[in-house]
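As a plain string of letters, each chain reads:
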Amino acid sequence: MFNESYNGFKQYLRRGRTHCNSGYGDHPLYVNVDMHSGNTYTYWIDALQASFPAVQVLFGDIEEAICTHAWHYNVWKRYGLLPERFNWQRLSPDVAFYPLRPELVESTYLLYQATKNPFYLHVGREIIQNINAYTKTKCGYATVHDVIDMSLEDRMESFFLSETCKYLYLVRKY
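Below, the structure is looked at part by part. Here the structure is a predicted model, which is why all the values come from computation and not from measurement.

### Overview of the packing of helix 5 (residues 119–135) against helix 6 (residues 158–172)
Two elements in contact, helix 5 and helix 6, have axes separated by 9 Å at closest approach and are oriented at 135°. Regarding the angle of helix 5 to helix 6, the classification is oblique. As for how helix 5 packs across helix 6, the hand of that crossing is left-handed. The segment helix 5 lies against helix 6, with Tyr120, Leu121, Gly124, Arg125, Ile127, Ile128 and Ile131 engaging Phe160, Thr164, Leu168, Val171 and Arg172. Each residue belonging to the contact of helix 5 with helix 6 can be placed in one class, and the counts come to eight nonpolar, two polar and two charged.

### So, the side chain of Gln56
Along the polypeptide, Gln56 turns up in helix 2 (residues 52–59). For Gln56, a relative accessible area of 0% corresponds to the buried category. The contact partners of Gln56, leaving out residues within four places of it in the chain, are Tyr6, Tyr30, Asp61, Ile62, Glu64, Ala65 and Thr68.

### Description of the packing of aromatic side chains
Overall, the coordinates contain 14 aromatic pairs when judged by the stated rule. Consider the rings of Tyr73 and Phe119, whose centres lie 5.8 Å apart with planes at 85°: the pair is edge-to-face. On the criterion of sequence distance, the pair formed by Tyr73 in helix 3 (residues 62–79) and Phe119 in helix 5 is long-range, its members being 46 residues apart. Residue classification places Tyr73 among the buried positions, given a relative accessible area of 9%. Overall, the relative accessible area of 36% leaves Phe119 in the partly exposed class. The ring centre of Trp44 lies 3.8 Å from the NZ or CZ of Arg85, which sits over that ring.

### A short note on the sheet that holds strand 4 (residues 85–87)
In spatial order, the strands read 3-4-5; together these three strands make up an open sheet with antiparallel pairing. At either end of the open sheet lies a strand with only one pairing partner, and these are strand 3 (44–46) and strand 5 (92–95). When the angles between neighbouring strand axes are averaged without regard to direction, this sheet yields 35°. Across three bridges, the pairing between strand 3 and strand 4 is antiparallel. Paired with Ile45 across the bridge in strand 4 is Phe86. Its contacts with the sheet put helix 3 on strand 3, strand 4 and strand 5, and the angle it makes with strand 4 is roughly 95°.

### Digging into the environment of Ala114
Following the sequence through the fold, Ala114 ends up in helix 4 (residues 103–115). A C-alpha to C-alpha distance of 18 Å links Ala114 and His72, two positions 42 residues apart in sequence. Aside from chain neighbours lying at most four places away, what touches Ala114 is Val57 and Ile62.

So, how was this worked out
Residues numbered from 1 in each chain as written. Predicted model: local features only at pLDDT ≥ 70, side-chain atom pairs only at ≥ 80, totals over all residues. Heavy atoms only, no water. Axes fitted to C-alpha atoms, helices over the stretch in contact; angles between N-to-C directions. Helix = DSSP H or I, 4+ residues; strand = E, 2+ residues; numbered from the N terminus. Parallel < 35°, antiparallel > 145°, perpendicular 65-115°, else oblique. Left-handed = near helix turned anticlockwise from the far one by under 90°. Contact = heavy atoms within 4.5 Å. Nonpolar A, V, L, I, M, F, W, Y, C, P; charged D, E, K, R; others polar. Buried < 20%, exposed > 50% of the residue type's maximum accessible area, 1.4 Å probe, protein only. Phe/Tyr/Trp six-rings, centres within 6.5 Å; stacked < 30°, edge-to-face > 60°. Lys NZ or Arg CZ within 6 Å of the ring centre and 35° of its normal. Pairing = 2+ DSSP bridges.

What follows is the structure in structure tokens.
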């Protein structure tokens, strides 16, 4: 059942060049589509989609996971954190807050486990450094209201402690 679903994801949700590391065209990414037609439904991807490389690793599609992760990591590098929604047509955030989500670091950890490539340890350290630099407060960590100006909100989501910190610890221990 999952094999059929995954093949459907690749057929209907994937845009860009056929192969990640060769050929011409846009970098591959997975987009939101209309469930009836398969046509592109929105021009944004959200931060939750950064967990898809982890699913790809667990499925065994390592090259595609590396490619998908690279796209999300590139957005992270652009802003220092991952905006909640990023418009891949305009190449700018549609929703610019960062609520300390775990998905990118989870995928980073699983890619390191699958490949043992030290690049993913570097990415993990960079995520830790940026979270400390931009979200650390006197009494915890705060959601970033806007990744453009790094303004903070007076809240910390519970998944930060239960998930984000767990994967930060796991990637840091190597």
